[in-house]
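A look at the structure
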Amino acid sequence: MTSPVELLDRAEAAVRLSASDPRLALAEARAVLGLAGRPGPAGAYGEAASVALRAAALAARELGDLELAAERLEEAIAAGRGFPRRVAQARMSLVTVRAQLGDPEGGLRLADLAERDLLGADLARLGVQRSVALILLGRHDEAVRHCDLAIGLLDDDPRFRAGGLLNRGLARTYLERYGEAEADLAECARVARSAGLDHVAMLAEGNLPFVAARRGDIAAAFARYRAAETTLFGFPERLAAMRTDFAEALVAARLPGEARTLLEQAVPELVAAGAQAAVPGARLLLAQAALLAGDAPLAETTARTALAELDAQGRAAWLPLAREVVLRARLAEAPAPPAAHAHDAAVEAQADTADTADTAAADGLVTDLITCADDLAVCGWPGASAALRLTAATAAVRLGAIPHARPQLDHVAATATRPLVRWHATAMRHRLDGDLDRALAAAARGIEAVHIPGGDARSRDEAGSRDGEVTRDAELRVHAARPAEDLAAFGLEIAIDRARRTGDARTVLEWAERWRAVVRGAGAPASTPHAVPALPAGAGLLVELVRRGDDLFAVTAGPQGCALRALGSYQAAVEATVRIRYGLRRRNLRDTGRDADDLPSAAAEGLARELSALDRVLLSGPGTLTSAGSTTGGPVTVVPTGALCTLPWPLLPSLRGRPVSVAADAAAWLAPRPGPAGAPLVLSLAGPGLDHAGAEADMVAAAHGRARRVAATRAEVLRALERADVLHVAAHGMFSPRGPMLSQITLDDGPLMAYDLLAARRIPRLVVLSACDAGMAHAPVDGAALGLAGAFLDSATRNGDAACVVAGVVPVRDDEALALMTLFHTLLAEGRSPAEALAQASEKTAVPGFVCFGAGDVPFGTD
């Protein structure tokens, strides 16, 4: 007969085994329970049974069955009566399980009960468990303190030491201490792997995408996600948790489509695993993603569900975050009174005549926003509170509830800790007073405080170093990215209003560029009134589109100066773009119900009418191309806004046959003109599944003196990026409208993703993407067009280079692509610029749909 001591030893061994081999630990625990259930002194076997039940619970938790883990731990508590330490250990283990099942407050009550009967290392282990509940409750500073105390006492327990490092890393991430968080996660992975706890190391590595994305390094975040996804494949609950964390960071980075794709995989897995604590957070992220994507009804519905779940779990600190999304969704659907966008002193007079019922509804919504901002501050979310107060003030002006606006702006200006937020409030107060010049100056100071270290005394205090690794200023810039975008957009709005009164279009151009720079994360241009340099000679014409709400404007710049012109409705222009793209798609794919090469005459005439009508709105009206000194046939750089980046601009009648470059900003146009480069190194490749791709790649190699084909593999393409001056890719491309950074090019060994390009150390001066939809882009905010072409250009910009991408914005048949590209490369080799070569090749071959993105007006040298 096995003695009680032997059974206890086996049970404790099963507890230790549960972390590294949970299935074997579960089998061993069952064996001990089978023996402990034999007739004998109940007390003697009760201790072993309690420990064995705890081992079974820990194994079940590692395998993702939280409900079973909770059940076994309750049984362990009952079996351990008479053994206070064993009961306390079972309660200690139940802290995390209860928290993850959605009751973190209950988990903390269990921790208080367990603490009375634990000593030494067990107390340190309890601190690690307690930190899980504290993180879920948003009490991150407390979680860090408990982990700090525990980690130093757990040198002999790698499992809990690694857990403490993991939890502290997560808490520090929420506290925006990113360098320390990454150090904790790296040390956690090292400790865990040394102890054979590979799955704990996977968890640590699985959180690196979250940290990277939170600090603004999207390229590293996607790379780390892809690696973590592979290692966590056999752990669905943990993979779902990692996807949720990463999605949270992507929402913060304004990538809602990519976040939604991950969350749609994660939520069902979390529900199936019984991870109740994680489900409402994932739903709230879905709501935030929907709101960013413009789907306010879905955002409100989803946020209300998350709010109810959080409330049921007693997670009071998170409730205001869910209410904030509900209120922002309501605000997005609220109609604005006529002329309420004016935002100046005249609005106050208009508010007096507003309909009583509408005024009451507006007052109610603004009051709810202010109450939620108060709740956010009380629950420990000061940044979100200040931002929502600004939103409440803006809403009060827009909805005609002016009396609510000034008190909120005064409150933010007096109490906000971030200089950017204080200056935003100050700028809004000046605008309400009708002083647009002082409003612009305050907005510029706010952006300067973020992008120029030491912008004011308080920003210098916040810019101090932490542990010699990561400066607070760097972290501040990342955290402030969204508020900075909002402030830059506000400044642009003021500049437009001011220019309509004064004719000062140059200031609009300056603020448009400042806004795009902030969105891109490249740092804002200097805030002096003359930030835009003297207009460059020989650069051709610049047409930069900006919008204020649905009002669309064009800033044109050229030899005769700058001009601002109102163009009408942005949404109407977008709808026309959609119709034009549909007509081109039918033409290029021969989707006409006939075998003829061309569209039926009625369809062709309809497409021509759409192009002419949109051209009259955007370009050929009074004051657009002519006012800035455009000359027929000269180069044009177009900086579009929003969905207009998908318009095939070279097909508009005013631009046909002209060298046209479509850019995310005017930086290349404003820069000095470089001279022609030397003879380029040209590399080409042919992807699978295209009849003419091989012939096209061979043609490219034959057209240039220094050229050759390379293999169509991911590794070879990434190497080609490092060496080539011109890279020609003849391969299928797929644009992902819901997740543009998930767009891809099909290669022989798998897809090359758009996010892969963000980590490239160098981008060729010219990339030709002879692939379907490769030039399609989605711009969640101006200056940040995403997709394959955008990823190439963004990577080049981050490396300090100017690049050009020639790509299609509609599907193009590969036989037509071959015809066009043959002439394009012939002209390129003769010394034409990419934009000029594309314009001539498109006209002569009558193959539409390709666009020159980026810096397309610089020619290459001839061979």
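Residues numbered from 1 in each chain as written. Predicted model: local features only at pLDDT ≥ 70, side-chain atom pairs only at ≥ 80, totals over all residues. Heavy atoms only, no water.

Describing the overall build of the protein
Per the secondary structure count, the protein includes 36 helices and 16 strands. Here the protein holds 863 residues, and 57% of them are scored as buried. Sequence-distant contacts, at least 24 apart, represent 69% of the contacts inside the protein between residues at least 6 apart. (Helix = DSSP H or I, 4+ residues; strand = E, 2+ residues; numbered from the N terminus. Buried < 20%, exposed > 50% of the residue type's maximum accessible area, 1.4 Å probe, protein only. Contact = heavy atoms within 4.5 Å.)

What to know about the pattern of salt bridges
Once their charged atoms are close, side chains differing in charge can pair, the charge on each being opposite to the other. Within the structure shown, the criterion is met by 52 salt bridges. Ionic pairing is found between Arg-514 and Glu-510, a salt bridge with its closest N-O pair at 3.1 Å. With Arg-514 and Glu-510 both in helix H28 (residues 505–520) and four residues apart, this pair spans about one turn of that helix. In this structure, Arg-514 and Glu-510 share a single accessibility class: buried. Across the pair Arg-656 and Glu-843 runs a salt bridge whose closest N-O atoms are separated by 3.3 Å. Note that Arg-656 is positioned in the loop between strand E6 (636–639) and strand E7 (660–662) and Glu-843 in helix H36 (residues 834–845), a separation of 187 residues in sequence. Assessed through its relative accessible area of 42%, Glu-843 is described here as partly exposed. Among the ionic contacts, a cluster of salt bridges with common partners joins Asp-148, Arg-168, Arg-172, Arg-177, Glu-180 and Asp-184. (Salt bridge = Lys/Arg side-chain N within 4 Å of Asp/Glu carboxyl O.)

Re helix H34 (residues 788–798)
Because an α-helix packs 3.6 residues into every turn, residues spaced three or four apart end up facing the same way. Most of H34 is tucked away: nine of the eleven residues are buried. Leu-788, Ala-789, Gly-790, Ala-791, Phe-792, Leu-793, Asp-794, Ser-795 and Ala-796 are the residues of H34 that are buried.

With respect to empty space enclosed by the protein
Throughout the structure, instances matching the rule amount to four cavities of 30 Å³ or more. Reported here for the largest cavity is a volume of approximately 90 Å³. Among the residues making up the lining of the largest cavity, the classes are represented as eight nonpolar, three polar and three charged. (1 Å grid on protein atoms, 1.4 Å probe; cavity = no way out; pocket = protein on both sides within 12 Å on 5 of 7 lines; lining within 4 Å. Points joined across faces, edges and corners; volume = space filled by probe spheres on them. Nonpolar A, V, L, I, M, F, W, Y, C, P; charged D, E, K, R; others polar.)

Thoughts on the layout of surface pockets
One number sums up the size of the second largest pocket: a volume of about 460 Å³. Secondary structure elements with two or more residues in the lining of the second largest pocket: helix H29 (570–589), helix H30 (601–618), H36 and strand E16 (850–854). Per-element accounting of the lining of the second largest pocket gives the leading share, five residues, to H36. Residue classes in the lining of the second largest pocket are distributed as 19 nonpolar, three polar and five charged.

Describing unusual backbone geometry
One non-glycine residue, Glu-176, adopts positive backbone phi at about 70 degrees. Following the sequence through the fold, Glu-176 ends up in the loop between helix H9 (158–174) and helix H10 (178–194).

Re the sheet that holds strand E13 (residues 750–753)
Spatially, E11-E12-E13 is the arrangement adopted by the three strands of the open sheet, whose pairing is antiparallel. Looking at the sheet topology across the chains shown, the edges are occupied by strand E11 (733–734) and E13. Alignment of E11 against strand E12 (residues 744–747), held across two bridges, turns out to be antiparallel. Bridging across to E12, Gly-733 finds its partner in Ile-745. (Pairing = 2+ DSSP bridges.)

Some details on the pairing of strand E8 (residues 682–686)
The buried fraction of E8 amounts to five of the five residues, a majority that puts the element mostly inside the structure. Of the two faces of E8, the one carrying Val-682, Ser-684 and Ala-686 and the one carrying Leu-683 and Leu-685 are both buried. Bridging between E8 and strand E9 (residues 707–709) involves three bridges; their strand directions are parallel. Bridged to Val-682 within E9 is Ala-707. Assessed by its sense of winding, the connection that carries the chain from E8 through helix H32 (residues 693–703) to E9 is right-handed. With five bridges joining them, E8 and strand E10 (residues 726–730) adopt parallel strand pairing. Across the sheet, the residue bridging to Ser-684 is His-728, located in E10. (Right-handed = clockwise from strand over helix to strand, strands pointing away.)

Here's the deal with the packing of H9 against H10
Where H9 contacts H10, the axes come no closer than 8 Å and their chain directions differ by 160 degrees. By the angle between their axes, H9 is roughly antiparallel relative to H10. The two elements H9 and H10 cross, and the hand of that crossing is left-handed. Within the contact between the two elements, H9 uses Pro-158, Arg-161, Ala-162, Leu-165, Leu-166, Arg-168, Gly-169, Arg-172 and Thr-173 and H10 uses Tyr-178, Glu-180, Ala-181, Asp-184, Leu-185, Glu-187, Cys-188, Val-191 and Ala-192. Taken together, the residues of the contact of H9 with H10 break down into ten nonpolar, two polar and six charged. (Axes fitted to C-alpha atoms, helices over the stretch in contact; angles between N-to-C directions. Parallel < 35°, antiparallel > 145°, perpendicular 65-115°, else oblique. Left-handed = near helix turned anticlockwise from the far one by under 90°.)

Side note on the nonpolar core
Within the largest apolar cluster, 152 residues are counted, with the highest numbers of intra-cluster contacts made by Trp-649, Leu-769, Val-805 and Phe-853. Counting residues in hydrophobic clusters, the runner-up holds 80 residues, among them Leu-284, Leu-399, Ala-413 and Val-555. (Core = buried A, V, L, I, M, F, W, Y, C linked by side-chain atoms within 4.5 Å.)

Structural notes on the packing of aromatic side chains
Evaluated as defined, the whole model comprises three aromatic pairs. Lying over the aromatic face of Trp-511, Arg-514 brings its terminal NZ or CZ to 4.1 Å of the ring centre. Cation over ring: Arg-547 sits above Tyr-570, and NZ or CZ is 4.2 Å from the ring centre. (Phe/Tyr/Trp six-rings, centres within 6.5 Å; stacked < 30°, edge-to-face > 60°. Lys NZ or Arg CZ within 6 Å of the ring centre and 35° of its normal.)

Some points on the packing of helix H22 (residues 405–415) against helix H23 (residues 419–432)
Two numbers describe how H22 lies on H23: the axes approach to 8 Å, and their chain directions differ by 145 degrees. Crossing handedness for the pair H22 and H23: left-handed. Here Ala-405, Arg-406, Leu-409, Asp-410, Val-412 and Ala-413 of H22 lie close against H23, whose contacting residues are Val-421, Arg-422, Ala-425, Thr-426, Met-428, Arg-429 and Leu-432. Its residues assigned to classes, the contact of H22 with H23 comprises eight nonpolar, one polar and four charged.

A closer look at helix H14 (residues 236–252)
Look at H14: 24 Å from first C-alpha to last across 17 residues, which is about the 24 Å you get at 1.5 Å a residue. Most of H14 is tucked away, with 14 of its 17 residues classed as buried. (Expected span 1.5 Å × (residues − 1).)

A look at the environment of Leu-718
Relative to the elements of secondary structure, Leu-718 occurs in helix H33 (residues 714–723). Spatially, the C-alpha atoms of Leu-718 and Ala-760 are 7.5 Å apart, while their sequence positions differ by 42 residues.

Re the confidence of the model for the protein
Residue-level pLDDT values for the protein average 82, and 83% of them are 70 or greater. Element-level mean pLDDT values for the protein span from 30 in strand E2 (residues 470–471) up to 95 in helix H8 (residues 140–151). The low-confidence segment residues 452–481 (pLDDT under 50) makes 57 contacts with residues lying over four places distant or belonging to another chain. Per-residue pLDDT stays below 50 along residues 592–596; that stretch engages in five contacts with residues further than four places along the chain or on separate chains. (pLDDT = per-residue confidence, 0-100.)

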